[in-house]
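Coordinate analysis (summary)
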Amino acid sequence: MRPTTPLDRMAGAHDAAVLAVARRGDPVSRSGLAQELQVTPQAISKILARLMERGLVEEAGTVTSGPGKPTTLYEIVPGSRRAIGLHLTRSRLHSVVVDLTGEILERRELEIGRLQPVPELVATLADETRALQDVGPGILLGVGVGMPGPVDGEEGVYRGTSDPDPWRGAPIRRLLAAELGMPVLLDHDSRAALVGEAWSQPGLLRNAALLLVEDGLGAALCLDDQIVRGAHSHAGEIGHTVVRMDGIPCPCGRRGCAQREHRAALERGEDELAARILAEVVVNLVRLVDVDRVVLGGRTVHEQHEASMDAIREALTAGLSDEPWVHVEVMLSTRGTDLIAVGAACEVLEHEYGLPQVLVGPE
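1. Things to note about the overall build of the protein
Across its full length, the protein holds eleven helices and 15 strands. Computed over the C-alpha atoms, the radius of gyration of the protein is 22 Å, within 12% of the 21 Å expected from 2.2 N^0.38 for a compact globule of 363 residues. A burial count over the protein gives 49% of its 363 residues as buried. If you take every contact in the protein between residues at least 6 apart in sequence, the share linking residues at least 24 apart comes to 61%. Of the roughly 17,100 Å² of accessible surface on the protein, a fraction of 51% belongs to carbon and sulfur atoms. Here the protein carries 36 positive and 52 negative side-chain charges, and the mean point of each set is 4 Å from the other.

2. Observations concerning empty space enclosed by the protein
Counting across every chain of the model gives one cavity of 30 Å³ or more. In this structure, the largest cavity spans a volume of roughly 30 Å³. What lines the largest cavity is simply Val-213, Glu-214, Asp-215, Gly-216, Gln-259, His-262 and Arg-263. Element by element, the count of residues in the lining of the largest cavity is highest for helix H7 (residues 258-267), at three residues.

3. Some words on the pattern of salt bridges
A full pass over the atoms with the stated rule returns 20 salt bridges. Measuring nitrogen to oxygen at the nearest pair gives 2.7 Å for the salt bridge that ties Arg-107 to Asp-338. With Arg-107 in strand E6 (residues 104-111) and Asp-338 in the loop between strand E15 (329-332) and helix H11 (339-353), this pair connects stretches of sequence that are 231 residues apart. Since its relative accessible area comes to 47%, Arg-107 is described here as partly exposed. Of the residues examined, Asp-338 reaches a relative accessible area of 9% and is grouped as buried. Here Arg-206 ties to Asp-225 by a salt bridge, and the two come within 3.1 Å at their closest N and O atoms.

4. Looking at the sheet that holds strand E5 (residues 92-99)
Read across the sheet, five strands follow the order E6-E5-E4-E7-E10 without closing on themselves; strand pairing throughout is mixed. In the strand order of this sheet, the two ends are held by E6 and strand E10 (184-188), each with one partner. Each neighbouring strand pair of the sheet contributes to a mean axis angle of 15 degrees, computed without reference to strand direction. Lying over the sheet, helix H6 (residues 189-200) contacts strand E7 (139-147) and E10, oriented at roughly 110 degrees with respect to E10.

5. Side note on the packing of helix H2 (residues 30-37) against helix H3 (residues 41-53)
Two elements in contact, H2 and H3, have axes whose closest approach is 9 Å; the angle formed by their N-to-C orientations is 110 degrees. Accordingly, the angle class assigned to the pair H2 and H3 is roughly perpendicular. You can see that H2 and H3 cross each other, and the crossing is right-handed. Contacts between H2 and H3 involve Arg-30, Leu-33, Ala-34 and Leu-37 on the former and, on the latter, Pro-41, Ile-44, Ser-45 and Leu-48. By residue class, the composition of the contact of H2 with H3 is six nonpolar, one polar and one charged.

6. A short note on the confidence of the model for the protein
Confidence in the prediction of the protein, expressed as mean pLDDT, is 86, and 93% of residues score 70 or more. For residues 1-9, every residue scores under 50 in pLDDT, and the model assigns this stretch four contacts once sequence neighbours within four places are set aside.

7. What to know about the packing of aromatic side chains
Summed over all chains, the structure comprises one aromatic pair. Measuring from centroid to centroid gives 6.1 Å for Tyr-158 and Trp-167, while their planes differ by 75 degrees, and the two rings are edge-to-face. We classify Trp-167 as buried; its relative accessible area is 0%.

The rules behind each value
All chains use their own residue numbering, which begins from 1 and follows the written sequence. Residues qualify for local features only when their pLDDT is at least 70, as the model is predicted, and side-chain atom pairs are given and counted only at 80 or more; totals for whole chains, interfaces and linings, by contrast, use all residues. With hydrogens and water set aside, each side-chain value is computed from the structure's full complement of heavy atoms. Put simply, DSSP marks the helices as runs of H or I at least four residues long and the strands as runs of E at least two long, and each gets a number from the N terminus on. Based on C-alpha atoms, the radius of gyration is set beside the globule rule, defined as 2.2 Å times the residue count to the power 0.38. Exposed residues in this analysis have more than 50% of their type's maximum accessible area, buried residues have under 20%, and partly exposed residues fall in between, with area computed by a 1.4 Å probe over protein chains only. The contact criterion used is simple: two residues touch if any of their non-hydrogen atoms lie within 4.5 Å. The protein chains shown are the only cover counted for residues, whose accessible areas, like all others here, come from Shrake-Rupley with a 1.4 Å probe. The charge count treats Lys and Arg as positive and Asp and Glu as negative. His and the chain ends do not count. By convention, charge coordinates are those of NZ in Lys, CZ in Arg, CG in Asp, or CD in Glu. Here the term cavity refers to a set of points on a 1 Å grid, laid over the protein atoms alone, in which a 1.4 Å probe fits but cannot get out; the term pocket refers to an open set having protein on both sides within 12 Å along at least five of seven lines, with lining residues being those that place an atom within 4 Å of a point. Grid points are joined across faces, edges and corners, and a volume is the space filled by probe spheres set on the points. Any carboxyl oxygen of Asp or Glu within 4 Å of a side-chain nitrogen of Lys or Arg constitutes a salt bridge here. If DSSP finds at least two bridges between two strands, the strands pair. An axis is simply a line fitted to the C-alpha atoms; with a helix, the fit covers only the stretch in contact. Between two such axes, the angle follows the N-to-C directions and lies from 0 to 180 degrees. Working rule for angles: under 35 degrees goes down as roughly parallel, over 145 as roughly antiparallel, 65 to 115 as roughly perpendicular, anything else as oblique. In a left-handed crossing the near helix is turned counterclockwise from the far helix by less than a right angle, and in a right-handed crossing that turn is clockwise. Amino acid classes used here: Ala, Val, Leu, Ile, Met, Phe, Trp, Tyr, Cys and Pro are nonpolar; Asp, Glu, Lys and Arg are charged; the rest, including Gly, are polar. On a range of 0 to 100, pLDDT expresses the predictor's confidence in each residue. Stacked, tilted and edge-to-face are the three classes assigned to paired rings of Phe, Tyr and Trp, where Trp is represented by its six-membered ring and a pair needs centres within 6.5 Å; plane angles under 30 degrees give stacked, over 60 edge-to-face, the rest tilted.

Here it is, written out as structure tokens:
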């Protein structure tokens, strides 16, 4: 295989930028793409030719506006590529296959033995992948796995939370890739969720935080269009920030961690307190990293999203009252309970076609 060159990477960035615009859904013209991406129409023609040759984009008719030659429109081909996403929890596996736009072609859900031994776990993941690998048209790019952290996405290793954890230190990505013979990505569930949300809404989440409320509590950050991982791939572990100094003991060794207090409040039926804990976490997050959008996702938050969103908006209004020019939009994920599985699949698409949406240099 020929090594990747700087020109290859530049062409990939150009292609990704055009695909990001096309993913919005409406047919686009050469001139419209050139204006939006601030490059010449000649450069756009080269990019479109390349994308059409690969089957990623096709003509979508013409439009006439005044005298002269009709304008040709182009649109993305959703069925040209697909990816599989697996959302793994301690006792459940939620699986989807999506097309190039992130739309779900099929979904599956499976209860698994709690904390399966690693060989059994890898076999389960492989079986679910094989059950979906022939669903839908187009080229299958690979499988993404989103799971509770901490996860080293670069190395594809689950770092675990405690010594008795049988998954701790397991090279899940390498083991699954060897079993399947296809590309595999592994990441923290909240980061996968953020990628899925951003893939469905290109350009919307430039500076945003996604707060994921599942069995635990985590966050993922996108700052200036870049997803933040941190020095040890632990960015966004908001669930272990302390919200009550003399609070409930947490498995991490401290007391009063946000996710432990939130879960305890729900178990006691104190939904208002649980919502206020989430609100406090969001205000702290906004103060710390200065985002203008907060997306709420995860099974738990969807069950009581109205109360949570109201509490968060009230807390933001009070917490940012000294900065009236700061506006933060609070949104509910568009993906519901499919969020993490779809996000894991979209990470595969992002890896292939999601280079920064900035054109650098001439085409």
